[in-house]
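A look at the structure
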Amino acid sequence: MNPFDLAGKVALVTGASSGLGAHMARTLARAGAKVAIAARRVDRLEALAAEIAAQDGRALPVALDVTDPHSVARAVEAAETELGALAICVNNAGIARKERIGDLDDPAWRETLATNLDGANLVARAALNAMRKHAHGGSLVNVASILGLRPSPRVPAYSAAKAALVSLTQSLALAEGPNGIRVNAIAPGYVETDLNSAFLRSPTGARMVERVALGRFGRPEDLDGALLLLASDAGRYITGTTLVVDGGHTLSFL
Ligand code: NDP
């Protein structure tokens, strides 16, 4: 038996309308999961669902705003009604805003925390409630960042939110272990997406890549191994961990 096999499992991926979330949805579908793909830009989700269907996969587009508790509840309900009992949730939706250092009244601070921390918590709670109800265990994978482990002076709100998400991952792992539900995080290094392509292509980005041990920024598919490990039975004794996937960037950060 292939321990990475996800045949018949139902997964929810937030932030699936672009970047890492869209890629992770494809990866889970290829491994056999039925995937609810959630975000605000539903037209993009519909295109992704059609692409996955063309490769004999199953994906359900679901409108979701992670900052709205009602929207989160509706998304989990829609996933379960259409696809079945939720077994995997990838808590991936996130934003990165230009930040003004040291100004806690900065709207970017509030927006970043509302999406990357409060939103992730709302999704985690709704998904875990559903998994607990079915009593078949489950796996929650939070998408953190190396910036949650090593802070950046450029994006303090983003770094703080991701650091808190790492801590939340550990608390939830402790709470849900007795229910057979595993909670882990992936901390990716820099992977070029809509979130950061302007920055990575800037002179600062060019200097930064020299500090990545493997000599390049990541590609979405570089996260496949970590995702499948944490989502599947192959990771059945792994909980509360944050798996760094950064090509060795944090070894020489700054
Ligand atoms: P993208 O900007 O490409 O994707 C972000 C996704 O989040 C989009 O699908 C967007 O969908 C969704 N999203 C944003 N706000 C909301 C919201 N309020 N409700 C629902 N969905 C929302 O970025 P990435 O793919 O790069 O980022 C994905 C995750 O990975 C983020 O959490 C990010 O912090 C993390 N990450 C990324 C790294 C990188 O180098 N790319 C490195 C480390 C971590 P829509 O606008 O349609 O709602």
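Conventions used here
Residues numbered from 1 in each chain as written. Predicted model: local features only at pLDDT ≥ 70, side-chain atom pairs only at ≥ 80, totals over all residues. Heavy atoms only, no water. Pairing = 2+ DSSP bridges. Helix = DSSP H or I, 4+ residues; strand = E, 2+ residues; numbered from the N terminus. Phe/Tyr/Trp six-rings, centres within 6.5 Å; stacked < 30°, edge-to-face > 60°. Buried < 20%, exposed > 50% of the residue type's maximum accessible area, 1.4 Å probe, protein only. Near = heavy atom within 4 Å. Polar contact = N/O pair within 3.5 Å; in protein donor to acceptor, adjacent residues only side chain to side chain. Areas by Shrake-Rupley, 256 points an atom, 1.4 Å probe, with all protein chains shown as cover. Nonpolar A, V, L, I, M, F, W, Y, C, P; charged D, E, K, R; others polar. Axes fitted to C-alpha atoms, helices over the stretch in contact; angles between N-to-C directions. Contact = heavy atoms within 4.5 Å.

**Digging into the pairing of strand E3 (residues 58-63)**
Where strand E2 (residues 34-39) meets E3, six bridges bridge the pair, whose relative direction is parallel. Residue Ile-37 lies in a different strand from E3, and its bridge partner there is Pro-61.

**Some details on the packing of aromatic side chains**
Evaluation of the coordinates by the stated rule reveals two aromatic pairs. With a centroid separation of 6.0 Å and 45° between ring planes, the pair formed by Tyr-190 and Phe-199 is classed as tilted. Tyr-190 sits in the buried class, given a relative accessible area of 12%. Here a set of aromatic residues connected by ring pairs shows up, and it is made of Tyr-190, Phe-199 and Phe-217.

**What about the site of the ligand?**
Within the structure, the ligand sits among 30 residues, and Arg-40, Asn-92, Tyr-158, Val-191 and Thr-193 are positioned closest to it. A distance of 2.7 Å is found between an oxygen atom of the ligand and a side-chain nitrogen or oxygen belonging to Ser-17. Contacts to the ligand include Arg-41, whose side-chain N or O atom sits 2.8 Å from an oxygen atom. Within the complex, 95% of the 880 Å² of free accessible area of the ligand lies under protein. Broken down by secondary-structure element, the contributors of at least two residues to the shell around the ligand are helix H1 (19-30) and helix H5 (156-176). Grouping the constituent residues of the shell around the ligand by class yields 14 nonpolar, 11 polar and five charged.

**Quick notes on the sheet that holds strand E1 (residues 10-14)**
A sheet is described by the order of its strands in space; here seven strands give the open sequence E3-E2-E1-E4-E5-E6-E7, paired in parallel fashion. Of all strands in the sheet, those bounded by a partner on one side alone are E3 and strand E7 (242-245). When the angles between neighbouring strand axes are averaged without regard to direction, this sheet yields 20°. Contacts from helix H2 (residues 42-54) reach E2 and E3, with the element oriented near 175° to E3.

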